[in-house]
Each structure stands twice: as structure tokens, then as C-alpha cells.
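Here is how the chains run, residue by residue.
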Amino acid sequence: MKTRIFLPPVNKPTGGVTVLRQMADILHQAGRDAALVARDRSGWRPAGLADAAPVMEWADLDLGPGDRWVVPEGWVNGLTPGLEAQADCLSYVQNWAYLFSSLPEGVRWDRLPVGFLAVSDPVARYVETATGKPAPVLRPGIDRAIFNAPQAKPSGPPVVAYMPRKNKAVADQIRAVFEHRNGPDRVRWRPLEGLDAFGVAEALRGADIFLMTGYPEGCPLPPLEAMACGCLPVGFSGLGGWDYMRQAQLRPRHAPWTPLREVPWSGNGLWCADGDVLDAALCLEEAAGMIETPGPALDAVLRAGQETADAYSTVEQAKALLTLWETL
């Protein structure tokens, strides 16, 4: 059985594209016949990676019955070669918000011979509830050799790292509320922009708090990377974050309405409803207080963050993928 994975035409690797590349590499390194298939010659391609999976041109796609064709959600037309070849077609849903975004008019998922993979438990619930089809979960992974905690954090006012590209207007509102309540100097702000993975990890090791402003999300990696680097995370789940996010507040103002899977770690952040600017600012205020006056509560949250990050390592990702490919 061959595995071919659709590589969307992008200018630079997004988190979702990186996960597709990781999948191909894991299968290739395990001795399986796996390759990425580039839709466009001008798009981004992985380069300089040891023992990376090959990248095929679209014209050379060689699918047949019994082969596996993986296409990310939002690229429904990319399923066509697999459907025509009667291959085992899988739509890998990495963000629930795009599940229906590219379906042609009159086309329904329940009438297509296509299976699903989901990037997290909340996304799997969404897919199955919306389409009636099951979606086995394949979680992403972070490289713990890159994302790890320092011996100690820098002294001085707490440093808040955040990603301006994730709903910048909302992040600005949270900052405005926080500064109106606490003044402009209680925390220092560290925007994460234009950095590669090593740069992001270094910046997070120099931060105390990570403010998550992204939504919707399938299984957001930035909070996991922040936990791995010893940050106290605060903010939104994007829905998919509830795969691993667990509330550390004793009296939270928000809780998800769907049941959460059992996990071995305890509260690993201060989480609020998506888009709730005021609650996010209040959570940020509480987090700043925990950093300023460390104690057992902060230690417990940071410890839970390390346990969470370990469960989402690339090692665990590889184990899960190879097991899933045997059992699908």
C-alpha cells in the first residue's frame, strides 16, 4: 500500500502543512512507501531535512485501488485523483472551521466515499456529529528537543508572549483592558513575529506567560510549545484546544459544554471562552499575580504543562501514526 499526501500550494509552511510533512516523514522513515504530492511547482517544499519523504509532482501521482490518499480539509477538489483511482481517500480535518468551506454546491460528505481523520478529540466530535462519519484522531507533535524549559526565567516584570497574527484586534483589546486596570508597566509584551521554530522557542523561554488569542483552532500548537518552554498559558481554546487544555482556575468563568476526554494531567492554564476579551484580561491579571508571587499553585500548573507537552511530543505522534496506519 502506498501513502500519498496532498501538499497544498502555500508560500511558507503553516502549522497544518508542517503536520502533513511530519506524517510523510514518519511513514517514510518507518520504511513505508510514502510521499508528499505537490499541487503546484511554485509552492513551498520541504528542504534540508534528513531522511525526508520524497516530494512528487502532481502529474506523477501514482494512486491505485488499496492505496491511501490523504488530503487536508478545505481542499475537497484535491480528493479527485484518489476518488478516480478508487484509493482509500481520507480528509484530515486539522481545523473544524473549514470542514464545509470548499464543498461544491450540492455535494455532501455523507455521499462521498471519503473517510476522515481528526486532529483532536473535539474536532472528531464535531466531524462525527455534523456528518455522521467517524473520525479517528491523529494528534500533532512538537519537538521537545527544540521546545523545552530553561533552568530559570528572567527577573523583572512578567513577560507576556503572544502572536499578533492570531486575531490581532482581539489581542489589542485584551491588552487595553489589562493596562487600564493595571497600568502600562505591570507586564512586558513580547510579540512573536517572523521567527522560525528555534526563534519561537528561545522567545518563549524568555517569557513567563503566553496569551492565546487564536480561534477557531483544531489542536493549537502554540500553547503546547509555550507549556514546553515553561510558560503559564492564558486565553482561548479555539474549541480544538480542549483536547489538552484543562482549567487551573478554582472558580472558572467558562467551561466547555461538551465532555472532555480523560487525561493524566491536571489544570495546565487559565482558559476562557473564545472572543471573551474581558475574561481573557482578567485571566491574564491572575496569571501575572501568580508569576509575581510564586507558590504551589504556579508550580502545579507549570508541572502539568510539562506533562501535557510530553504527551504531544513528536515521538508520541510517530507512535500514534504508525499504529493508526495499521488499524484503519
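Above: the structure in question.
Residues numbered from 1 in each chain as written. Predicted model: local features only at pLDDT ≥ 70, side-chain atom pairs only at ≥ 80, totals over all residues. Heavy atoms only, no water.

Bringing the layout of surface pockets into the picture now. As a volume, the second largest pocket reaches approximately 300 Å³. If you trace the second largest pocket, you find 13 residues lining it, with Pro 122, Tyr 126, Leu 239, Trp 257 and Thr 258 closest to the centre. For the lining of the second largest pocket, a count of residues per class yields 7 nonpolar, 4 polar and 2 charged. (1 Å grid on protein atoms, 1.4 Å probe; cavity = no way out; pocket = protein on both sides within 12 Å on 5 of 7 lines; lining within 4 Å. Points joined across faces, edges and corners; volume = space filled by probe spheres on them. Nonpolar A, V, L, I, M, F, W, Y, C, P; charged D, E, K, R; others polar.)

This part covers unusual backbone geometry. Residue Pro 216 is reached from Tyr 215 by a cis peptide bond, and omega for that bond is -5 degrees. Its identity as a non-glycine residue notwithstanding, Gln 86 has a phi of 60 degrees, on the positive side. One can find Gln 86 in the loop between α2 (80-84) and β5 (88-93). Even without glycine at this site, Asn 167 takes up a positive phi of about 55 degrees. Examined against the element boundaries, Asn 167 turns out to sit in the loop between β7 (159-162) and α4 (168-182). (Helix = DSSP H or I, 4+ residues; strand = E, 2+ residues; numbered from the N terminus.)

On to the side chain of Thr 131, then. Within the element layout of this structure, Thr 131 appears in helix α3 (residues 121-131). Polar side-chain contacts of Thr 131 include one of 2.7 Å to the backbone oxygen of Val 127. Engagement of the side chain of Thr 131 in a polar contact is seen with the backbone nitrogen of Lys 133, the distance being 3.1 Å. Dropping the residues within four chain positions of it, Thr 131 is found in contact with Leu 99, Phe 100, Trp 109, Asp 110 and Phe 116. (Polar contact = N/O pair within 3.5 Å; in protein donor to acceptor, adjacent residues only side chain to side chain. Contact = heavy atoms within 4.5 Å.)

Here we take up α3. Quick reminder: α-helices carry 3.6 residues per turn. Residues three or four places apart thus point the same way. Turning to α3, its buried residues are Asp 121, Pro 122, Val 123, Ala 124, Val 127 and Thr 131. Against the buried residues of α3 lie β5 and β6 (114-118). At the C-terminal side of α3, Gly 132 shows a positive phi close to 80 degrees. (Buried < 20%, exposed > 50% of the residue type's maximum accessible area, 1.4 Å probe, protein only.)

With that out of the way, let us pick up the side chain of Asn 95. Among the secondary structure elements, Asn 95 is positioned in the loop between β5 and β6. Within the structure, Asn 95 has its side chain in polar contact with the backbone oxygen of Pro 216 (distance 3.3 Å). Filtering out sequence-adjacent residues up to four positions away, Asn 95 remains in contact with Glu 73, Pro 216, Glu 217 and Gly 218.

A few words on the sheet that holds strand β10 (residues 232-235). Spatial strand order, β8-β7-β9-β10-β11: 5 strands in an open sheet with parallel pairing. Every interior strand has two partners, whereas the edge strands, β8 (188-191) and β11 (270-271), have only one. Of the strands in this sheet, β9 (209-212), β10 and β11 are in contact with helix α6 (residues 221-228), which crosses β9 at around 175 degrees. (Pairing = 2+ DSSP bridges. Axes fitted to C-alpha atoms, helices over the stretch in contact; angles between N-to-C directions.)

Moving on: the environment of Met 245. In this fold, Met 245 is placed in the loop between β10 and β11. A sequence separation of 26 residues divides Met 245 from Trp 271, and the C-alpha atoms of the two residues are 7.8 Å apart. Here Met 245 is in contact with Pro 220, Pro 223, Phe 236, Ser 237, Leu 260, Asn 268 and Trp 271, once residues within four sequence places are set aside.

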